[in-house]
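As a plain string of letters, each chain reads:
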Amino acid sequence: MKIATVVGARPQFIKAAVVSHELRKRHQEILIHTGQHFDYNMSEQFFRELDIPDPDYNLGISGGTHGQMTGRMLAAIEEVLIKEQPDWVLVYGDTNSTLAAALAAAKLHIPVCHVEAGARVHNMTNPEELNRICTDHVSALLLASTGSGYDEMANEGLQERGRIVGDPMYDAFVEYSNKLQPAEITLKLLTGGTAGVPEEYYYLTCHREENTNDDKDLLEIFNAAERLDAPTVYPVHPRNKERAVRLQKQYQFSKMILTEPVGYLESACLVKNAKKIVTDSGGLQREAFFAKKKCVTILNFVCWPETMVDNRNELSRPLADEIVEKLQHVQKIDDAYQPFGDGHSAIKIVKALEEAQKERTEK
Ligand code: UDP
C-alpha cells in the first residue's frame, strides 16, 4: 500500500514518528511536510530526535491568515497527490495542515484516514474546532484515541467509519520519556545564556491563540508562577516569544525560567520530573496525565475529558489567584484507569488501514 502522510506541526511530528516506524515495516510511505512549523527547534529537531524519515516533500508554507495558509496548502498538496497517486492519505490532529490535506485528498477521491478523530471542544471560537469537524466529515477512516472521541463521532453520525485505536501520543511517551534524565538537559535561556533543570520546578507551556492575544493573560500566568514554591520552566513557543521576553524584562519575575522550545525527549523528561504542570496544550494535558502529574489547563473548554477526572486536570481562567488555587487541589490517581490505550496504538492504526484497504479492494 502507498500512504501519503501529511504533517506540519510539532504534535504531528511526534505522532507520525511512532506510526511511521510501524507503517514502513510493510508499506510505502510518502512524507509531506507542509512547512507550518519551520524553526529548527519546532521541526527538524523532532525529525532527528525521533528518527523520523526525511520528508519527501517540504512545501514551505507557513504564516498568513488561516484562510491564506490553508488555501496555499490545499493547492500544493493537491499537486503532490496528483503526482504520487497514493492509496490513502494519513492526517493527524487538528491543524490547518490536517484540514488542507484532507480536503485535497477528498476532492481527488483518495480516501483519508484521520488519526485523533472525534476530538471536540464544542467551542467554535477555538480555531482548531473547525479543522477537526471538517476533517472528520470528509475522511473515510476515523481513528479515535479514546472512547469519548468515538462517542462524538456517533453524535455526528460518523461511527460506521470510526474505531478506537488508542493514542499515539501515549505510544510516544512510553517509548521516549525515559531517554533523557533532567541532568542531561541544558536549557537555552531566552534572557541569555544557558541553565540546567532545577531540582524542583513547575512546567509551563502556553501558546494558544486564545491566551496570546494581549499581555494580560500571560502576565497573570507569570504572576501565578511567582507565588509558587519552586521555579517554573517555560519553553516559549515562537508565537509568544516577544511578549514573554518583554514582560520578563519589564517585571523582573524571579521564578520564571524562559527557554527556547525544547525537543520532544527534553519535553517528555521535563513533564515526567515536574512538580506540576500548567498548560494550554492538548498534548501536554495528556502527557501530564500519562506521568500522573497534576495539571491546570488555561482554557475555557475541555479538550480531553478523560483527563478531567479526580482533580487530575482542571480548567482555570488566566487569573493568578485561580491558577494557584487549582494547583493546590489534590488529585486522586486510579492506576487501573487507562483511557488512552496500551501504548500500541501505532500497530492498531496500521492494521485499521490495512483492513480498510482490503474492504475497498474487495468492493
Ligand atoms: N513540546 C516539545 N517542546 C516544547 C514544548 C512542547 O516537544 O518546547 C511537546 C509536548 O511535550 C507535547 C507537544 O509538544 O508532546 C505538544 O505540542 P503543542 O503544544 O505545540 O500542540 P498541541 O498539543 O496544543 O496541539
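All of the points below concern the structure found in this document. (Residues numbered from 1 in each chain as written. Predicted model: local features only at pLDDT ≥ 70, side-chain atom pairs only at ≥ 80, totals over all residues. Heavy atoms only, no water.)

**Focus: the environment of Tyr176**
Note on placement: Tyr176 falls in helix 7 (residues 168-176). Sequence separation of Tyr176 and Gly196 is 20 residues, and the distance between their C-alpha atoms is 20 Å. Look past the residues within four positions of Tyr176 in its chain and what remains in contact with it is Val18, His21, Leu50, Tyr264 and Leu265. (Helix = DSSP H or I, 4+ residues; strand = E, 2+ residues; numbered from the N terminus. Contact = heavy atoms within 4.5 Å.)

**Examining the pattern of salt bridges**
In a structure, side chains of opposite charge can pair up when their charged atoms sit close to one another. Throughout the structure, instances matching the rule amount to 28 salt bridges. Arg163 is the partner of Glu355 in a salt bridge, and the nearest nitrogen-oxygen pair spans 2.9 Å. Here the residue Glu355 occupies a position in helix 13 (residues 345-362), and Arg163 occupies one in strand 7 (residues 162-164), the gap between them amounting to 192 residues. The exposure class of Arg163 is partly exposed, given its relative accessible area of 29%. Put simply, Asp321 and Arg227 hold a salt bridge, and the shortest N to O gap is 2.9 Å. Of this pair, Asp321 sits in helix 12 (residues 320-328) while Arg227 sits in the loop between helix 8 (215-226) and strand 11 (232-235); the two residues are 94 residues apart in sequence, bridging distant segments of the chain. Take Asp321: its relative accessible area is 53%, and that puts it in the exposed class. (Salt bridge = Lys/Arg side-chain N within 4 Å of Asp/Glu carboxyl O. Buried < 20%, exposed > 50% of the residue type's maximum accessible area, 1.4 Å probe, protein only.)

**A closer look at the sheet that holds strand 1 (residues 2-7)**
Read from one edge of the open sheet, 7 strands run 3-2-1-4-5-6-7, paired in parallel fashion. Only two strands of the sheet have a single partner each, and these edge strands are strand 3 (57-58) and strand 7. Bridge count for strand 5 (residues 112-115) against strand 6 (residues 141-144) is 3 bridges, and the pairing is parallel. Residue pairing across strands places His114 opposite Leu142, the latter belonging to strand 6. Against the sheet, helix 4 (residues 96-107) contacts strand 1, strand 4 (88-92) and strand 5, and its axis sits at roughly 160° relative to strand 4. Relative to strand 5, helix 5 (residues 127-138) is tilted by about 140°, and along the sheet it contacts strand 4, strand 5 and strand 6. (Pairing = 2+ DSSP bridges. Axes fitted to C-alpha atoms, helices over the stretch in contact; angles between N-to-C directions.)

**Some words on the site of the ligand**
Taken together, 18 residues surround the ligand, and among them Val262, Ser267, Ser281, Gly283 and Glu287 come closest. Contact distances for the ligand include 2.7 Å between a nitrogen atom and a backbone N or O atom of Val262. Its free accessible area being 540 Å², the ligand has 94% of it covered by the protein chains. Elements that contribute at least two residues to the shell around the ligand include exactly helix 1 (10-23), helix 10 (264-273) and helix 11 (282-290). Of all the elements, helix 11 adds the most residues to the shell around the ligand, at 4 residues. Classifying every residue of the shell around the ligand by side-chain character gives 9 nonpolar, 6 polar and 3 charged. (Near = heavy atom within 4 Å. Polar contact = N/O pair within 3.5 Å; in protein donor to acceptor, adjacent residues only side chain to side chain. Areas by Shrake-Rupley, 256 points an atom, 1.4 Å probe, with all protein chains shown as cover. Nonpolar A, V, L, I, M, F, W, Y, C, P; charged D, E, K, R; others polar.)

**Overview of the packing of helix 1 against helix 7**
Orientation of helix 1 relative to helix 7, taken along the N-to-C sense of each, is 80°, at an axis distance of 9 Å. As summarised for this structure, helix 1 and helix 7 are arranged roughly perpendicular, according to the angle between their axes. Taking contact as the criterion, the partners of Pro11, Ile14, Lys15, Val18, Val19 and His21 in helix 1 are, on helix 7, Pro168, Met169, Asp171, Ala172, Glu175 and Tyr176. Taken together, the residues of the contact of helix 1 with helix 7 sort by class into 8 nonpolar, 1 polar and 3 charged. (Parallel < 35°, antiparallel > 145°, perpendicular 65-115°, else oblique.)

**As for the nonpolar core**
Residues Leu50, Tyr203, Tyr264 and Leu270 are the most contacted members of the largest nonpolar core, which totals 63 residues. The element that contributes the greatest number of residues to this core is helix 1, accounting for 7 residues. Those residues in contact with Leu50 that sit more than four places away from it in its chain are Phe13, Ile14, Ala17, His21, Tyr176, Tyr264 and Leu265. One finds Leu190, Leu218, Ala224 and Ile298 within the second-largest nonpolar core, a separate group that totals 27 residues. (Core = buried A, V, L, I, M, F, W, Y, C linked by side-chain atoms within 4.5 Å.)

**So, the packing of aromatic side chains**
Overall, the coordinates contain 12 aromatic pairs when judged by the stated rule. With a centroid separation of 5.4 Å and 85° between ring planes, the pair formed by Phe222 and Phe253 is classed as edge-to-face. Here Phe222 is found in helix 8, whereas its partner Phe253 is found in the loop between helix 9 (241-251) and strand 12 (256-259), with 31 residues between them in sequence. For the pair formed by Phe222 and Phe253, the shared burial category is buried. (Phe/Tyr/Trp six-rings, centres within 6.5 Å; stacked < 30°, edge-to-face > 60°.)

**Details of the pairing of strand 2 (residues 28-33)**
Burial runs high along strand 2: 5 of the 6 residues are buried. Two elements, strand 1 and strand 2, share 6 bridges in a ladder whose sense is parallel. Looking at strand 2, one finds that Val7 is bridged to His33. Read as a crossover between parallel neighbours, the route from strand 1 over helix 1 to strand 2 is right-handed. Bridge count for strand 2 against strand 3 is 2 bridges, and the pairing is parallel. Counted as the bridge partner of Ile32 is Tyr57 from strand 3. (Right-handed = clockwise from strand over helix to strand, strands pointing away.)

**Re the pairing of strand 6**
Going residue by residue along strand 6, you find Leu141 and Leu143 tucked away on one face and Leu142 and Ala144 tucked away on the opposite face as well. The pairing of strand 6 with strand 7 spans 3 bridges and is parallel. Bridge pairing in strand 7 links Leu142 to Gly162. A crossover connection joins strand 6 to the parallel strand 7 through helix 6 (residues 147-155); in handedness this β-α-β unit is right-handed.

None of this, on its own, says anything about what the molecule does.
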